[in-house]
Amino acid sequence: MKKILAVGGSSSGKSEWAEEQATVWERSCGKQVVYVATAQVCDEEFARRVQRHQQRRPDGWGLVEAPHELASVFARHTGGGAILLVDSMGAWLANRMWQDGQASGWSPEQQTQLHLDIEQLCDAIGAYRGACLLVADEVGMGVVPDNEMGRLFRDLNGLLNRSLAGVADEAYLVSCGIPLKLK
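The residue numbers shown here count from 1 along each chain, following its written sequence. In view of the model being predicted, local features appear only for residues whose pLDDT reaches at least 70, and side-chain atom pairs are presented and counted only at 80 or more, with totals across whole chains, interfaces and linings using the full set of residues. With hydrogens and water stripped out, all remaining heavy atoms of the structure feed into the side-chain values.

Some details on the packing of aromatic side chains
Two rings from Phe, Tyr or Trp (for Trp, the six-membered ring) form a pair when their centres are within 6.5 Å of each other. A pair whose planes differ by under 30 degrees is stacked, one over 60 is edge-to-face, and the rest are tilted. Across all of its chains, the model carries three aromatic pairs by this definition. Where Phe74 meets Tyr128, the ring centres are 5.6 Å apart and the plane angle is 80°; that geometry is what we call edge-to-face. Here Tyr128 lies in the loop between helix H5 (108–127) and strand E5 (132–137) and Phe74 lies in helix H3 (residues 70–76), a separation of 54 residues in the sequence. The burial state of Phe74 is the same as that of Tyr128; both residues are buried. Consider the rings of Trp98 and Phe153, whose centres lie 6.4 Å apart with planes at 40°: the pair is tilted. With a gap of 55 residues between them, Trp98 in the loop between helix H4 (89–97) and H5 and Phe153 in helix H6 (residues 148–167) connect regions that are remote in the sequence. Helix and strand definitions here come from DSSP, where helices need a minimum of 4 consecutive H or I residues and strands a minimum of 2 consecutive E residues; each element is numbered from the N-terminal end. Three labels apply to residues, based on accessible area from a 1.4 Å probe with only protein chains included: buried if under 20% of the type maximum, exposed if over 50%, partly exposed otherwise in between.

What follows is the structure in structure tokens.
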């Protein structure tokens, strides 16, 4: 089974496309889809977004919430008995960056640790023997953020996406609901 990265902007259709792919794989191989949710609800508007995602998912799919320890999810499922659909990598990155409630100024040590976390995650994905779909956010094509942490997130998100593309068998840019194969 394949490892696929679906990257796109906000509301680009990347999640829906990944969910469709997971459904096709589930039907063809008979393995259960496990939806790996990385988001943490922070306000009412975001809660509504999460609810829309939940309503789209089939009842038979499993659910794992992994806002921080994503590599361990792949390690726990290492036998490849499930199709893992991770949504979203950008939320995981944001959770890792703001896990201590820090809103500004990162030390070189924190950046080094996050680089190691990304490397560890990619190693876990690479070692996973089953199928997985990784939904990632493209944030580097827009306006340059007006603050240091926004720019740091943009840059680290770019690094994360490049790293994920390196371990993925296929990568797609989803725009306007249309997947464009990159790799």
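So, the pairing of strand E1 (residues 3–8)
Counting buried residues along E1, six of its six residues qualify, which places the element largely inside the surrounding structure. Going residue by residue along E1, you find Lys3, Leu5 and Val7 tucked away on one face and Ile4, Ala6 and Gly8 tucked away on the opposite face as well. Taken together, the six bridges between E1 and E5 define a ladder with parallel strand orientation. Along E5, the bridge assignment pairs Leu5 with Leu134. Strands are labelled as partners when DSSP assigns at least two bridges between them.

Quick look at the pattern of salt bridges
One speaks of a salt bridge when a side-chain nitrogen belonging to Lys or Arg is within 4 Å of a carboxyl oxygen belonging to Asp or Glu. Taken as a whole and assessed by the stated rule, the structure comprises nine salt bridges. Across the pair Glu170 and Lys2 runs a salt bridge, and its minimum N-O distance is 2.5 Å. With Glu170 in strand E6 (residues 170–175) and Lys2 in the segment before E1, the pair connects residues that are 168 residues apart, well separated along the chain. Under the relative-accessibility criterion, Glu170 is labelled buried at 9%. A residue is classified by how much of its surface remains accessible, and Lys2, at 40% relative accessible area, is partly exposed. For the salt bridge of Glu45 with Arg49, the shortest nitrogen-to-oxygen distance reads 2.5 Å. Note that Glu45 and Arg49 are positioned in helix H2 (residues 44–56) at a spacing of four residues, about one turn of the helix. For Glu45, a relative accessible area of 35% translates into the label partly exposed. Because the salt bridges share partners, they merge into one network encompassing Lys2, Glu170 and Lys181.

A look at the environment of Val33
Mapped onto the fold, Val33 is located in strand E2 (residues 32–37). Expressed as a C-alpha distance, the spacing of Val33 and Gly81, which sit 48 residues apart in the sequence, is 9.4 Å. Not counting residues up to four positions away in its chain, the partners in contact with Val33 are Ala22, Glu26, Trp61, Gly62, Ile83 and Leu85. The contact definition used throughout considers only heavy atoms, calling two residues in contact when any of these lie within 4.5 Å.

Comments concerning the packing of H4 against H6
With their axes 10 Å apart at the nearest point, H4 and H6 run at an angle of 130° to one another. It follows that H4 is oblique to H6 by the angle criterion. Here the hand of the crossing between H4 and H6 comes out right-handed. On H6, the residues that touch Met89, Gly90, Trp92, Leu93, Ala94 and Met97 of H4 are Met149, Leu152, Phe153, Leu156, Asn157, Leu160 and Leu164. Taken together, the residues of the contact of H4 with H6 sort by class into 11 nonpolar, two polar and no charged. Working convention: axes come from line fits to C-alpha atoms, limited for helices to the stretch in contact. Angles between N-to-C directions cover 0 to 180 degrees. Orientation is classified from the angle alone, with under 35 degrees giving roughly parallel, over 145 giving roughly antiparallel, 65 to 115 giving roughly perpendicular, and any other angle giving oblique. Crossing handedness follows the turn of the near helix against the far one: under a right angle anticlockwise gives a left-handed crossing, and clockwise gives a right-handed one. Under the grouping applied here, Gly and all other residues not named as nonpolar or charged are polar, the nonpolar ones being Ala, Val, Leu, Ile, Met, Phe, Trp, Tyr, Cys and Pro and the charged ones Asp, Glu, Lys and Arg.

Brief notes about the packing of H5 against H6
Running from amino to carboxyl end, H5 crosses H6 at an angle of 25°, the nearest separation of the two axes being 10 Å. As judged from the angle between their axes, H5 and H6 are roughly parallel. With respect to the hand of their crossing, H5 and H6 are arranged in right-handed fashion. In this structure, H5 contributes Gln111, Leu114, His115, Ile118, Cys122 and Ile125 to the contact, and H6 contributes Leu152, Leu156, Leu159, Leu160, Ser163, Leu164 and Val167.

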